[in-house]
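Residue-level structural notes
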Amino acid sequence: MSHIVHLQCVSCEKTYPRDGGVEYTCPDCGPLHGTLEVIYDYDLIRRELTPTKLKQNTNYTHWRYLPLLPIEKPELILPLAVGWTPVYRNSKLAEEWGIKELFVKDDTRNPSASLKDRASSVAVVKALEKQVPVVTAASTGNAASSWALFTALTDMQTIIFVPETAPRAKVAQLLLFGATVIQVKGTYDEAFDLCTQAAEKWGWYNRSTAINPYLGEGKKTAALEICEQLEWKAPDYVFVSVGDGCIFQGMWKGFKELYQLGLIEKLPRMMGVQAEGSAPLVQAWEEGREECRPLQPRTLADSISVGMPRDQIKALRAVRESDGQFIAVSDEAILEAIRILAREVGIMAEPAGAAAMAGLKKSIAEGILPSDARVMVMVTGHGLKDIDGVMQAVTHQPVTVHNDLSDVQEKLEPFLS
Ligand SMILES: *Cc1c(COP(=O)(O)O)cnc(C)c1O
Ligand SMILES: [Zn+2]
């Protein structure tokens, strides 16, 4: 049985029992304002989640934090290796950029190759607990391909809404995992609203971001892992790419919970990175507003191409509470970050997956970070998911030759120094 006390509305603070009638958002406040927060019995968890017990725990997936996850029936957990992704220390870049330590967490190494698996793995258990026949989600691509992977292993039917522009590799994942794919002629934001309507009309279980309260719970495990992997010393700054804001707010909740449990002594500042052409949270934060103005997103980073961030209330709260910042980066800077991650860290990232790194580079250039800063950068999605995006980051093309060594010699001439 889970240690949930209740679900609580982020706006009116009304509470709902964990297995009561309210599944998604607060009926009084509605979606957007009425996102629910999962509140646990932290006194109980404090006894179960200790550094010693974790050291003895040989489950190297994100389920090692089960006491802090919203699962009623652990026997329904699917046997896939989610989480416990590597953290790389990069001393060369840290020195070059004048910070004390740089860490990069490679969350491309999850079953469907993005961080979204942390959330889907939790949501699928919730759907199985409820014994629903049909599940759905709207997604720019990664949440859907992740959801389809997990639900493929169940008897549930999966119906996915993606914008028509979703990268082919993500659509390939969806089709391969057996989902019914609805490509919406429109933006992600439009696909999201259509999916919400369909789910309500036909009673499907909905994994869409910020409608479903359990996704951030899965995503927060990235923060829990970071602290354990850094021996319970949280970084000073955590850079996260931001679309809807669910990873960002979820990770902040994870850090806060560890603090509340006495597992870390200091909280990090949360640095949210958006693409310039899709930066409603940056704008709201800079103008001191409590919510976003919707806009028409334009960026090559499809996973963060979001005009109306669904988790904006929690995300804006997280940046304020953590004394962090929201940063906008150009598509050019994202492409440069893809190259840096590939050549300096050894990670192939999709554009949204590299945006956080671009945010760090910009913060360094603007002198925002002190020289003693310990920095963590999240890499959220794999480059093979968006080959067209990655190809824009490359600076040269293959050399074609005849089957002839002299032709090789001739064509190689410009490349040899
Ligand atoms: C979903 C996603 C994000 C953004 O996450 P939000 O929770 O929407 O802010 C960033 N990077 C990748 C690769 C993603 O798939
Ligand atoms: Zn409410």
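Look a little higher up for the structure.
What comes next is a walk through the structure. Since this is a predicted model, take the numbers as computed values, not measurements. (Residues numbered from 1 in each chain as written. Chains lettered and ligands numbered in written order. Predicted model: local features only at pLDDT ≥ 70, side-chain atom pairs only at ≥ 80, totals over all residues. Heavy atoms only, no water.)

What to know about the sheet that holds strand β13 (residues 374–379)
Note on sheets: strands pair through backbone hydrogen bonds, and any given pair is parallel or antiparallel. In plain terms, the rule: Pairing between strands requires that DSSP locate at least two bridges from one strand to the other. Here a strand is any run of E in DSSP of at least two residues, a helix any run of H or I of at least four, and the numbering for each starts at the N terminus. Orientation is described by lines fitted to C-alpha atoms, with helices fitted over the stretch in contact, and by angles between N-to-C directions that extend from 0 to 180 degrees.
Reading across from one edge, β4-β5-β13-β10-β11-β12 is the order of the six strands in this open sheet, with mixed pairing throughout. The open sheet terminates on both sides in strands that have one partner only, identified here as β4 (87–89) and β12 (325–329). In this sheet, neighbouring strand axes are inclined to one another by 25° on average, regardless of whether the strands run parallel or antiparallel. Bridge analysis of strand β11 (residues 269–275) against β12 gives five bridges, and the strand direction is parallel. Paired with M271 across the two strands is Q325, which belongs to β12.

Side note on the environment of L300
What counts, and what does not: Two residues form a contact once any of their heavy atoms are found within 4.5 Å.
Within the fold, L300 resides in the loop between α11 (280–286) and α12 (312–321). Leaving out residues up to four positions away in the same chain, L300 has contacts with D331, L335, P351, D386, G389 and Q392.

Considering the pattern of salt bridges
Threshold: The term salt bridge refers to a pairing of a side-chain nitrogen on Lys or Arg with a carboxyl oxygen on Asp or Glu at a separation within 4 Å. Remark: exposure states derive from per-residue accessible area (1.4 Å probe, protein chains only) relative to the maximum for the residue type, with buried under 20%, exposed over 50%, and partly exposed in between.
Following the criterion strictly, the structure yields 27 salt bridges and no others. In this structure, K266 and D236 form a salt bridge, with 3.0 Å as the shortest nitrogen-oxygen distance. One end of the pair, K266, is in the loop between α10 (246–260) and β11; the other, D236, is in the loop between α9 (221–229) and β10 (237–241), and 30 residues separate them in sequence. D236 gets classed as buried once you look at its relative accessible area, which sits at 19%. With its nearest N and O atoms 2.8 Å apart, the salt bridge here joins E336 to K361. In this pair, E336 sits in helix α13 (residues 331–345) while K361 sits in helix α14 (residues 351–365), placing the two residues 25 residues apart along the sequence.

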